[in-house]
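Chain by chain, the residues run as shown.
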Amino acid sequence: MTDPITIAIDGPAGSGKSSVSKEAARRLRYGYLDTGAAYRALAWHVLQHGADTSDAAAVVDAAGDFDYAISLDPDEYWVRVGETFVTDAIREPHVSSAVSGVARVPVIREQVNVLFRRLVAESGRPGVIVEGRDITTVVAPDALVRILLTAAPEVRAARRSAELTSQDAAAVAAALHKRDASDSQVVDFLTAAPGVTVVDSTDLDFAQTVDTVMDVVRSGTEGSR
Ligand SMILES: Nc1ncnc2c1ncn2[C@@H]1O[C@H](COP(=O)(O)OP(=O)(O)OP(=O)(O)O)[C@@H](O)[C@H]1O
Ligand SMILES: Nc1ccn([C@@H]2O[C@H](COP(=O)(O)O)[C@@H](O)[C@H]2O)c(=O)n1
């Protein structure tokens, strides 16, 4: 069996990676792999242990009994740790605030990257859209199509705040920028690596952004199979 086509999409928090990738995967009948979910689920697991994600040893310790599973079906997305479905729990603000601690532990990054490559290879799909922060550069630098999805910081904060209506907009924006600042010390997802196509959605609505990504994918995959 041939390896699935990999479409790599990186970008900062709230740039639209997951929503846009999921919709593009539906249209292409590809799988969709949300790599941030693994970091979030491990952060959730560390917190369940009563530990602190800023403690790298505690993170590595909690990773020892981290039984993680994720669906690559864009129409039936779920995330599980052991027997517990954590699909919504890992989006809670206290997990978002804790996740960067997990992401800065090198051995954890190595372990999840192995998992991501295996999930793609075993997906059984003709292709997989993989989104995160270091997909275009570390996880799948040889992907057929590599995209950096960006939007102006204030636009990303406004979109995120529109989702989290019960929370103060300024606090939502501050949390998003704080997470980007912390994450960008670990991987560079703000500048495009050579060969990576930038899609800036600042002035695009959701449908226009998906269409633009689809155009980049089409031109990159034409004649590949
Ligand atoms: N071009 C767009 N125009 C308007 N809204 C958009 C656009 N792209 C995404 N959105 C909306 O912005 C919000 C954030 O998008 P999404 O959750 O996909 O971002 P993300 O990059 O995956 O964020 P995170 O890294 O924090 O998980 C969602 O409500 C999504 O529907
Ligand atoms: N390739 C990746 C993906 C994610 N992270 C870390 O996970 C956090 C959550 O990611 P979301 O895409 O769900 O926002 C993110 O803030 C990073 O800390 C990563 O390091 N590499």
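Rules behind the numbers
Residues numbered from 1 in each chain as written. Chains lettered and ligands numbered in written order. Predicted model: local features only at pLDDT ≥ 70, side-chain atom pairs only at ≥ 80, totals over all residues. Heavy atoms only, no water. UniProt positions renumbered as here; feature names shortened; annotations may be inferred. Near = heavy atom within 4 Å. Polar contact = N/O pair within 3.5 Å; in protein donor to acceptor, adjacent residues only side chain to side chain. Helix = DSSP H or I, 4+ residues; strand = E, 2+ residues; numbered from the N terminus. Nonpolar A, V, L, I, M, F, W, Y, C, P; charged D, E, K, R; others polar. Core = buried A, V, L, I, M, F, W, Y, C linked by side-chain atoms within 4.5 Å. Buried < 20%, exposed > 50% of the residue type's maximum accessible area, 1.4 Å probe, protein only. Contact = heavy atoms within 4.5 Å.

As recorded in an unreviewed UniProt entry, the chain goes by Cytidylate kinase and comes from Microbacterium oleivorans. Turning to the chain, the UniProt annotation filed under Subcellular location (unreviewed entry) states: "Cytoplasm". The annotation that UniProt attaches to the chain under Sequence similarities (unreviewed entry) is "Belongs to the cytidylate kinase family. Type 1 subfamily."

**Student:** Help me understand the site of ligand 2 in this model?
**Tutor:** The immediate surroundings of ligand 2 are formed by 16 residues, with Arg 40, Arg 109, Arg 133, Arg 179 and Asp 183 found nearest. For ligand 2, a nitrogen atom lies 3.2 Å from a polar atom in the side chain of Thr 35. For the shell around ligand 2, the secondary-structure elements that each account for two or more residues are helix 2 (36-48), helix 4 (93-103) and helix 8 (169-183). Classifying every residue of the shell around ligand 2 by side-chain character gives 4 nonpolar, 4 polar and 8 charged.

**Student:** What am I meant to see in the nonpolar core here?
**Tutor:** Counting residues in each nonpolar core, the largest one holds 57 residues, and the members touching the most others are Leu 33, Tyr 68, Ile 70 and Val 79. Looking at this core element by element, the count peaks at 8 residues for helix 2. Apart from the residues lying within four places of it in its own chain, the contact partners of Leu 33 are Ile 70, Leu 72, Phe 116, Leu 119, Val 120, Val 128, Ile 129, Val 130 and Glu 131.

**Student:** What is the right way to look at the environment of Val 198 in this model?
**Tutor:** Take Val 198: it is sitting in strand 8 (residues 197-200). Classification of Val 198 by relative accessible area gives partly exposed; the value is 48%. Remark: the alpha-carbon pair of Val 198 and Leu 149, spanning 49 residues in sequence, is separated by 6.0 Å. Excluding residues within four positions of it along the chain, Val 198 makes contact with Leu 148, Thr 150 and Ala 192.

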